[in-house]
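Topology and contacts: notes
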Amino acid sequence: MTDRASAVSVAEVPLDVVLPLRSAVLRGGGPAGMPGDDDPATVHLAARDAGGRVVGVVRYSPAPCPWRPDARAPWQLRGMATTPGVRGLGVGRVLVAEGLARVAARGGDLVWCDARTTAAGFYERMGFTVVTGEYDKPGVGPHVGMVVALEP
Ligand SMILES: CC(C)(COP(=O)(O)OP(=O)(O)OC[C@H]1O[C@@H](n2cnc3c(N)ncnc32)[C@H](O)[C@@H]1OP(=O)(O)O)[C@@H](O)C(=O)NCCC(=O)NCCS
């Protein structure tokens, strides 16, 4: 899809396309692989600007939700990152919206994430709700659990 406001296009991409930005933004330039990255069910999305540069990435994969054990088909959002120069322009929004649509199309009924507390407001704008207190992820910092239910 293409979002006119930010002139980015979002597409499903191979893992190697998302790793550089994921590493730069979320891992301080270090190794950025995550368990399940190579699972055939995992969906990696990248947003590219008009010049073809990757300006945002995210991944979605089927995974049990720690806080909603009754969810029929839960998926986890991880590795959400946009380049500092485009923040606030809607790139994160189109990545989440596109991902939720793709998960729903695959039969998912819930998406959850461990959200950095600094990003919780972003996910709330995307329809997620905080369902836990704060917890620490060693080396990363404080997080909250967030979920969004998907329409069938
Ligand atoms: C969090 C992040 C992905 C947001 O990306 P973005 O491209 O700036 O997001 P958007 O421009 O699409 O923002 C969508 C809306 O959320 C708001 N928003 C964005 N970041 C926010 C934040 N950290 N807190 C509160 N609101 C935020 C925007 O103002 C916008 O609001 P609107 O509905 O009024 O338009 C980006 O800031 C980022 O990569 N941060 C560093 C890595 C990170 O923390 N990743 C998440 C790990 S859990």
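The following refers to the structure shown. These numbers come from a predicted model, not from an experiment. (Residues numbered from 1 in each chain as written. Predicted model: local features only at pLDDT ≥ 70, side-chain atom pairs only at ≥ 80, totals over all residues. Heavy atoms only, no water.)

Remarks on the site of the ligand
Around the ligand there are 22 residues in total, and Met 80, Thr 82, Gly 90, Arg 93 and Thr 118 lie nearest to it. Gly 92 is positioned such that a nitrogen or oxygen atom in its backbone is 2.9 Å from an oxygen atom of the ligand. One of the side-chain N or O atoms of Arg 125 is found 3.1 Å from an oxygen atom in the ligand. Considering the ligand on its own, with 910 Å² of exposed area, one finds that the protein chains cover 74% of that surface. Breaking the shell around the ligand down by element, the ones donating at least two residues are helix 1 (15–26), strand 5 (74–82), helix 2 (91–105), strand 6 (110–116) and helix 3 (120–125). Here the shell around the ligand gets 4 residues from one element, more than from any other, and that element is helix 3. Of the residues that constitute the shell around the ligand, the class distribution is 11 nonpolar, 6 polar and 5 charged. (Near = heavy atom within 4 Å. Polar contact = N/O pair within 3.5 Å; in protein donor to acceptor, adjacent residues only side chain to side chain. Areas by Shrake-Rupley, 256 points an atom, 1.4 Å probe, with all protein chains shown as cover. Helix = DSSP H or I, 4+ residues; strand = E, 2+ residues; numbered from the N terminus. Nonpolar A, V, L, I, M, F, W, Y, C, P; charged D, E, K, R; others polar.)

Considerations on the layout of surface pockets
In this structure, the largest pocket occupies an estimated 710 Å³ of space. Together, 32 residues line the largest pocket, and Leu 26, Met 80, Ala 81, Ala 119 and Tyr 123 are the ones closest to its centre. Elements that contribute at least two residues to the lining of the largest pocket include exactly helix 1, strand 5, helix 2, strand 6 and helix 3. Broken down by element, the lining of the largest pocket gets its largest block of residues, 7 residues, from strand 5. Its residues placed into classes, the lining of the largest pocket shows 16 nonpolar, 8 polar and 8 charged. (1 Å grid on protein atoms, 1.4 Å probe; cavity = no way out; pocket = protein on both sides within 12 Å on 5 of 7 lines; lining within 4 Å. Points joined across faces, edges and corners; volume = space filled by probe spheres on them.)

With respect to the pairing of strand 9 (residues 141–149)
The element strand 9 is extensively covered by neighbouring structure, given that 7 of its 9 residues are classed as buried. Here strand 6 pairs with strand 9 via 7 bridges, running antiparallel. Within strand 9, the residue paired with Cys 113 across the bridge is Met 146. Bridge count between strand 7 (residues 129–130) and strand 9: 2 bridges; the pairing is antiparallel. Among the inter-strand pairings, Thr 129 is bridged to a residue of strand 9, identified as Val 147. In terms of strand pairing, strand 8 (residues 135–137) meets strand 9 through 3 bridges, oriented antiparallel. Bridging from a neighbouring strand, Lys 137 pairs with Gly 141 of strand 9. (Buried < 20%, exposed > 50% of the residue type's maximum accessible area, 1.4 Å probe, protein only. Pairing = 2+ DSSP bridges.)

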